[in-house]
Amino acid sequence: MPSLMVSTASNSLDPLFGASSRDVLNNESDLDSRGGEDWDEIRSEQRTLDNNVVSSLFNESGPVESKKLPQAIIIGVKKGGTRALLEFLRVHPDIRAVGAEPHFFDRNYDKGLEWYRDRMPETQEGQITMEKTPSYYVTKDVPARIHTMSPDTRLIVVMTRVQDFLGLRRVVGHKHFHFNPAKGFPCLKRPEGNSKPHCLGKTKGRIHPNIDPEVVQKLRDFYQPFNRRFYQMTGHDFGWGSWS
Ligand SMILES: Nc1ncnc2c1ncn2[C@@H]1O[C@H](COP(=O)(O)OS(=O)(=O)O)[C@@H](OP(=O)(O)O)[C@H]1O
């Protein structure tokens, strides 16, 4: 299970963004934000989840709702399981999230905060508004921009293992998940009823190529000093590169 790093926008993430890393991944195909089949698939996944899972946990006759700027943003990392994390989080009744990646702080910043707010779902008092755009992690201007919006925004980075965060009530648990051996990861299921568990689509759970062990070793050696710096910053040794 991936883990999370949680920070607030007042904690600078600049050390993570070397000048050369600026926008380095923005030209890659972005399966969560491009048009076409993947997009449709995610939109339809979104609808299914909204209809089948989330809405069943909401009280329709609740107080008046309004759109708010996000208090928590999953900013990375790409391919770190950010979609799964967001979908799992939004099962919680105190979390409302926008399905599509808004890319506000990297690509759409000139559209302004009202444009951004308008992308967000309606929320009731006490609910947390969230979004995820993993390319924020590799865009140098993003931390300062989020800080300008609100220094209290929670920034979430998927690392290697899950910890408690956001101070949520314990509502979501094992009963909401089913491990799918073919996919190799857990999928959402409704705790009540016996409908089929809902897995994210074919862009998740790709078959990985075998990588030459020499190349793997080169990558480990290359990243070792960066990992060490990161362990120092976070005060936690993640042990990356030490497994065989
Ligand atoms: N439970 C669950 N559901 C769905 N996907 C899961 C899950 N757990 C991990 N993963 C793996 O997360 C990888 C995709 O990460 P992201 O959603 O962050 O991708 S993206 O950057 O937004 O395109 C993707 O990895 P790859 O298949 O290697 O691409 C998924 O397999």
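Given the structure is predicted, the values throughout are model-derived calculations rather than measurements. (Residues numbered from 1 in each chain as written. Predicted model: local features only at pLDDT ≥ 70, side-chain atom pairs only at ≥ 80, totals over all residues.)

What follows is about the overall build of the protein chain. For the protein chain, the count of helices and strands is five helices and nine strands. When its helices and strands are written in sequence order, the protein chain yields β-α-β-β-α-β-α-β-β-α-β-β-β-α. Within the protein chain, the proportion of its 244 residues that are buried is 24%. Relative to all contacts within the protein chain whose residues are 6 or more apart in sequence, the contacts with residues 24 or more apart total 78%. (Helix = DSSP H or I, 4+ residues; strand = E, 2+ residues; numbered from the N terminus. Buried ≥ 20, exposed ≤ 12 C-beta atoms within 10 Å, placed from the backbone. Contact = placed C-beta atoms within 7 Å.)

Turning our attention to the UniProt feature "domain: Sulfotransferase" (unreviewed entry) in the protein chain. UniProt records the feature "domain: Sulfotransferase" (unreviewed entry) for residues 70–151 in the present numbering. For residues 70–151, the end-to-end C-alpha separation is 12 Å, with 28% helix and 18% strand making up the annotated structure. (UniProt positions renumbered as here; feature names shortened; annotations may be inferred.)

The next point concerns the UniProt feature "active site" (unreviewed entry) in the protein chain. In the numbering used here, UniProt assigns the feature "active site" (unreviewed entry) to K79. Among the secondary structure elements, K79 is positioned in the loop between β3 (72–76) and α2 (82–89).

Let's shift gears to the site of the ligand. Near the ligand lie 16 residues; those nearest to it are T82, R83, A84, F185 and K204. Among the elements of the structure, α2 and β9 (185–188) are those that each provide at least two residues to the shell around the ligand. Its residues placed into classes, the shell around the ligand shows six nonpolar, four polar and six charged. (Near = placed C-beta within 6 Å. Nonpolar A, V, L, I, M, F, W, Y, C, P; charged D, E, K, R; others polar.)

Turning our eyes to something else, we now look at the nonpolar core. Counting 24 residues, the largest nonpolar core has I73, I75, M130, I156 and V157 as its most contacted members. At the level of secondary structure, the elements contributing two or more residues to this core comprise β3, α2, β4 (95–97), β6 (128–132), α4 (142–149) and β7 (154–158). (Core = buried A, V, L, I, M, F, W, Y, C linked by C-beta atoms within 7 Å.)

As a further point, take α4. For α4, the set of buried residues is V142, P143 and I146. One side of α4 carries all its buried residues, which in axial view fall inside an arc of 100°. Contacts made by the buried residues of α4 are with β3 and β7. (Arc of directions from axis to C-beta.)

Helical periodicity: at 3.6 residues per turn, an α-helix aligns residues three or four positions apart in one direction. Where burial is concerned, most of α2 is hidden: six out of the eight residues are buried. Inspection of α2 places T82, R83, A84, L86, E87 and L89 among the buried residues, and these make up the whole buried set.

A few words on the pairing of β9. Here strand β8 (residues 177–180) runs beside β9; their pairing, made up of four bridges, is antiparallel. Along β9, the bridge assignment pairs N180 with F185. Hairpin connection between β8 and β9: a loop of four residues separates the two successive antiparallel strands, and G184 in this loop has a positive phi of roughly 85°. (Pairing = 2+ DSSP bridges.)

This next bit is on the confidence of the model for the protein chain. Of the residues in the protein chain, 71% reach a pLDDT of 70 or more, and the chain-wide mean stands at 78. Per-residue pLDDT stays below 50 along residues 11–44; that stretch engages in 32 contacts with residues further than four places along the chain or on separate chains. This prediction of the complex comes with two scores: 0.74 for pTM and 0.96 for ipTM. (pLDDT = per-residue confidence, 0-100.)

Moving on, we get to the environment of V142. For V142, the position within the fold is in helix α4. Using a count of 24 C-beta atoms within 10 Å as the deciding quantity, one classes V142 as buried. In the structure, V142 is positioned 36 residues away from D106 in sequence and 6.5 Å away in space, judged by C-alpha atoms. When near neighbours in sequence (up to four residues on either side) are disregarded, V142 contacts I75, F105, D106 and Y136.

Before going further, it helps to spend a moment on unusual backbone geometry. The amide bond that connects G76 to the next residue, V77, takes the cis arrangement and shows omega of -5°. Note on placement: V77 falls in the loop between β3 and α2. Here K79, not a glycine, exhibits a phi torsion of approximately 65°, which is positive. The backbone phi angle of H103 is positive, close to 50°, even though this residue is not glycine.

Next up on the list: the environment of T133. Relative to the helices and strands, T133 resides in the loop between β6 and α4. Separated by 58 residues in the primary sequence, T133 and I75 place their C-alpha atoms 5.5 Å from one another. The residues contacting T133, other than those within four sequence positions of it, are E101, P102, H103 and D106.

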